[in-house]
Amino acid sequence: MSRETAKNLRLGIFVTAGTILFVVTLYMIGLRKNIFGPTLRITARFKNVNGLMEGNNVRFGGVDVGTVDKVIIGSDTDILVNMRINYLVQKHIRKNYIAAIGTDGRMGNRLVNIVANEGTAEIISDGDLLESINPMETEEMLRAFNATGKNMKTITDNLSAITSKLKEKLNNIFFQFITSLSQNMQLLDNNIKGNKFF
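Cut-offs and rules
Residues numbered from 1 in each chain as written. Predicted model: local features only at pLDDT ≥ 70, side-chain atom pairs only at ≥ 80, totals over all residues. Heavy atoms only, no water. Helix = DSSP H or I, 4+ residues; strand = E, 2+ residues; numbered from the N terminus. Buried < 20%, exposed > 50% of the residue type's maximum accessible area, 1.4 Å probe, protein only. Contact = heavy atoms within 4.5 Å. Areas by Shrake-Rupley, 256 points an atom, 1.4 Å probe, with all protein chains shown as cover. Pairing = 2+ DSSP bridges. Core = buried A, V, L, I, M, F, W, Y, C linked by side-chain atoms within 4.5 Å. Axes fitted to C-alpha atoms, helices over the stretch in contact; angles between N-to-C directions.

### Notes on the overall build of the protein chain
Then, in step 1: Tallying secondary structure elements over the protein chain gives 2 helices and 7 strands in all.
Then, in step 2: Going residue by residue from the N terminus, the α and β elements of the protein chain occur as α-β-β-β-β-β-β-β-α.
Then, in step 3: Counting over 198 residues, the protein chain shows a buried share of 21%.
Then, in step 4: Counting contacts in the protein chain only where the partners sit at least 6 residues apart, residues at least 24 apart contribute 65% of the total.
Then, in step 5: Within the structure as shown, the protein chain displays about 15000 Å² of accessible surface, and the carbon and sulfur contribution to it stands at 60%.

Structure representation (structure tokens):
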């Protein structure tokens, strides 16, 4: 075998291995994103999706069960989130369950959490619309914390004023008690000296 043929053979093996690796990687990503397997589509309506994008995960019970397929602005106040769910999970999700937007751990990627709800309902089917909870925005949270901080300061100031007044009253009562006791002792002493018993 000539050197040229050996080079071509090695190149062919390298290209074939690279192509196989590329195809396997695409297939694995497709399985993870529910592109190749059988799925069902469900939708949730939100007022704000806080950075949720197509391809983000959908979780149920802490397990990835699907992906966000599309984020569509329906109107001024409604944003529709279409999700693609693995059909194997369908039997576990009911029509009365709630969709909520959450955060994926430390990375901060947005995701949709499907949360169980009380009561009984039918199993979801393709095209169902789930109820949703709108996420609290950061600004709203900061406003709430700010209001709570102001309330706590007011309460602390009031407690400090009450404690100060109480301390002042107790000091006055204690001073009056000591003064009265001292006067009574002096009167008693004078009475004893006035009545000489020996």
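### As for the side chain of Asn82
Then, in step 1: With respect to the helices and strands, the residue Asn82 is situated in strand β4 (residues 79-86).
Then, in step 2: Among all residues touching Asn82, those that are not within four sequence positions of it are Ile42, Thr43, Thr67, Val68, Asp69, Lys70 and Ile72.

### Comments concerning the pairing of strand β1 (residues 39-46)
Then, in step 1: Inspection of the sheet shows β1 paired to β4 by 8 bridges, in the antiparallel sense. Following the sheet pairing, Phe46 is matched in β4 by Ile79.
Then, in step 2: In terms of strand pairing, β1 meets strand β7 (residues 129-133) through 2 bridges, oriented parallel. Paired with Ala44 across the strands is Leu130, a residue of β7.

### Remarks on the nonpolar core
Then, in step 1: Counting residues in hydrophobic clusters, the biggest one holds 23 residues, and the most contacted among them are Ile85 and Ile114.
Then, in step 2: Taken together, the elements giving at least two residues each to this core come down to β1, β2 (57-60), β3 (63-73), β4, β5 (98-104) and β6 (109-115).
Then, in step 3: Not counting the four nearest positions on each side in its chain, Ile114 is found in contact with Ile42, Val58, Arg59, Phe60, Gly61, Ile85, Ile93, Tyr97, Ile98 and Leu130.

### With respect to the side chain of Thr43
Then, in step 1: On the secondary structure map, Thr43 appears in strand β1.
Then, in step 2: When neighbours within four sequence positions are excluded, Thr43 is seen to be in contact with Leu80, Val81, Asn82, Met83, Asp128, Leu129 and Leu130.

### What about the sheet that holds β3?
Then, in step 1: Strands sit in the order β1-β4-β3-β2-β6-β5-β7 around a closed barrel of 7 strands; the barrel is mixed. Here the average twist between neighbouring strands, direction ignored, is 40 degrees.
Then, in step 2: Two elements, β3 and β4, share 7 bridges in a ladder whose sense is antiparallel. Following the sheet pairing, Ile72 is matched in β4 by Leu80.

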